[in-house]
Amino acid sequence: MDPTPNQPEQAEPLIEEAIVQWCNALQRVAKRGTFAGMPVVEGTLTRMVGLTLEAVGCQAPIGARCDVVTENGDRVETEVVGFSGEILYLMPISEVRGLVPNARVIPTRNSSDVSVGPELLGRVIDGQGHPLDNKGPIYSMYKTPLEGQKINPLNRSPIRDVLDVGVRAINALSTIGRGQRMGLFAGSGVGKSILLGMMTKYTEADVVVVGLIGERGREVKEFVEEILGDEGLKKSVVVAAPADASPLMRVHGAMQATSIAEYFRDQGKHVLLLMDSLTRFAQAQREISLSIGEPPATKGYPPSVFAKLPQLVERAGNGASDAGSITAFYTVLVEGDDHNEPIADAARAILDGHIVLSRELAESGQYPAIDVEASISRLAPHIVSPQHLRLMQTFKSTYSRYQQNRDLINVGAYQPGTDASIDYAVNMQPEFKAFLSQDMKQPVAFSESYSQLEIVLRPSDPISTELSSPQPVQPPLESVGYEAN
């Protein structure tokens, strides 16, 4: 049979495929030629005031990186943080030395990416991702945007599972859910870093990401060696941007820690993100904003600071149904023990709850010095059993009753027998104090915390039977330490 009539039909698909391949090759070549051949327009440094550099003659978008050439030929990496007309405002990422007037300003790249991957586990890095642990360079195959990628709130998985943090007072009275974002509010020297270290060691998580932002430099080594240890470090990533780092480095450190946590969450891992502290992040952003001329609004904080806080915090939480979770703890330094100062007030509004540490309790020898009256977990009513919630409410209401009448009791103005509920609260104080105290080296699991709460509130007499019975009408959640969602 003569095959000639079928040859055109067989050749047409081959010709079409060759044309497509040829067009794709031309597009790739054209793309390389377009971008690779674009010249880099350099500028000059015209002014330096405080932390801000001003350059003219070059154009770059907000967030782009530029190198400024020093007198001896070294380069100082900077980031574009603002502009006015033809002037670009640059903020140095590293230490600034050797800059001279009219120095060359060379745009390098238009975005800030974070190198992520399993290679980061067990490593200590700075705000730029450079290793600090003298274990050699880190080679990561994947990159993710420093600012993260927004998640549709309707696509997030709901928080339904209890997270065991190993601290009895939190497990029993301010139960936390997996994927929740909590604040740890305390003044200086009250023990928030030690409590954070306890949760680092005892919380059930696949990966732990720690951001040490703006804190003392000596605490980095102490946290890695004494709190994490060799075993804890194996499943952890530590991002350190201490107090002597530039404001931009501190901001990037917090954002980089969050980006790393997002990567592991997208891999289906349950991540514990610990950031110490959210206040230092806000202060670094304040330094940047004031340096480029943004006017202060609330007690010296420009409006951009309060816009940056939710942008950072909202990146934590649960991912989609097939992804993992990020349970985040942010420490908030309450300056002057004023819990209504701007950053503390803003953080309470955007977090899913807060644990408050009391200086008065710390000075009395109680550790952890958790103020159960002021501490709130907004998701606790949705993730614990009804019986646990009733016990939680009974404990808080009884504890609060004693605190409200403590001064009268101490000066002898209250006569026993006047009020049965106050008498019961007074009798329970030794057991309550023992329940709230815990050895920092001894974790208490969630199930054990609940069992011990039941034992403390056991119906040993008519008054306690009345208070702990499952049937009585309970006061509103707001009156026992909860806020309405």
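Residues numbered from 1 in each chain as written. Predicted model: local features only at pLDDT ≥ 70, side-chain atom pairs only at ≥ 80, totals over all residues. Heavy atoms only, no water.

### Here's the deal with the packing of helix 13 (residues 420–436) against helix 14 (residues 446–456)
Their axes nearest at 11 Å, the elements helix 13 and helix 14 cross at an angle of 170°. One element, helix 13, and the other, helix 14, form an angle in the roughly antiparallel class. Facing helix 13, whose interface residues are Met-428, Glu-431, Phe-432 and Phe-435, helix 14 presents Ser-449, Gln-452, Leu-453 and Val-456. The class makeup of the residues in the contact of helix 13 with helix 14 is five nonpolar, two polar and one charged. (Axes fitted to C-alpha atoms, helices over the stretch in contact; angles between N-to-C directions. Helix = DSSP H or I, 4+ residues; strand = E, 2+ residues; numbered from the N terminus. Parallel < 35°, antiparallel > 145°, perpendicular 65-115°, else oblique. Contact = heavy atoms within 4.5 Å. Nonpolar A, V, L, I, M, F, W, Y, C, P; charged D, E, K, R; others polar.)

### Quick word on the side chain of Asp-126
Its place among the elements puts Asp-126 in the loop between strand 8 (123–125) and strand 9 (142–145). For the buried Asp-126, no salt bridge exists, and the shortest N-O distance to an oppositely charged side chain is 9.8 Å, to Arg-65. Of the polar contacts made by the side chain of Asp-126, one reaches the backbone nitrogen of Gln-128; its length is 2.9 Å. Reaching out from Asp-126, the side chain makes a polar contact with the backbone nitrogen of Gly-129 at a distance of 3.0 Å. Those residues within four positions of Asp-126 in sequence are excluded, and the remaining contacts are Leu-132, Val-239, Ala-240 and Gln-256. (Buried < 20%, exposed > 50% of the residue type's maximum accessible area, 1.4 Å probe, protein only. Lys, Arg positive; Asp, Glu negative; His and termini not counted. Salt bridge = Lys/Arg side-chain N within 4 Å of Asp/Glu carboxyl O. Polar contact = N/O pair within 3.5 Å; in protein donor to acceptor, adjacent residues only side chain to side chain.)

### Some details on the pattern of salt bridges
This model, assessed by the stated rule, comprises 18 salt bridges. The residue Glu-79 makes a salt bridge to Arg-65 at a minimum N-O spacing of 3.4 Å. Here the residue Glu-79 occupies a position in strand 4 (residues 75–84), and Arg-65 occupies one in strand 3 (residues 65–69), the gap between them amounting to 14 residues. Residue classification places Glu-79 among the buried positions, given a relative accessible area of 10%. Between Asp-345 and Arg-348 there is a salt bridge; the shortest N-O distance is 3.2 Å. Of the two residues, Asp-345 and Arg-348 are both situated in helix 8 (residues 342–350); the distance of three residues between them amounts to about one turn of the helix. Given the relative accessible area of 17%, Arg-348 is considered buried. The network of salt bridges with shared partners includes Arg-65, Glu-77 and Glu-79.

### Here's the deal with the pairing of strand 2 (residues 52–56)
A large share of strand 2 lies buried, amounting to four of its five residues. Of the strand pairs in this sheet, strand 1 (residues 43–49) and strand 2 are connected by five bridges, and their pairing is antiparallel. When the sheet's bridge partners are listed, Thr-44 is paired in strand 2 with Val-56. The loop that links strand 1 with its antiparallel partner strand 2 comprises two residues; one of these, Gly-50, has a positive phi angle of about 65°. (Pairing = 2+ DSSP bridges.)

### Section: the nonpolar core
Counting 56 residues, the largest nonpolar core has Leu-173, Leu-195, Met-199, Phe-329, Ile-370 and Phe-395 as its most contacted members. Not counting residues up to four positions away in its chain, the partners in contact with Ile-370 are Val-167, Ala-169, Ile-170, Leu-195, Ile-355, Val-356, Leu-357, Leu-361 and Ser-375. Counting 53 residues, the second-largest nonpolar core is a separate cluster that includes Leu-146, Leu-248, Val-271 and Met-275. (Core = buried A, V, L, I, M, F, W, Y, C linked by side-chain atoms within 4.5 Å.)

### Re the state of the cysteines
In the structure shown here, the tally under the stated rule is zero disulfides. Free cysteine: Cys-58, not disulfide-bonded; nearest cysteine sulfur from Cys-66 at 5.4 Å. Cys-66 gets classed as buried once you look at its relative accessible area, which sits at 0%. (Disulfide = S-S within 2.5 Å.)

### Looking at the sheet that holds strand 2
Here we have six strands rolled up into a closed barrel, ordered 1-2-5-4-3-6, and antiparallel in their pairing. Each adjacent strand pair in this sheet contributes to an overall mean axis angle of 45°, direction not counted. The pairing of strand 3 with strand 6 (residues 104–109) spans four bridges and is antiparallel. Within strand 6, the position partnered with Asp-67 by the bridge is Ile-106. Contacting strand 3, strand 4 and strand 5 (87–92), helix 5 (residues 247–266) crosses the sheet at an angle of about 85° to strand 4.

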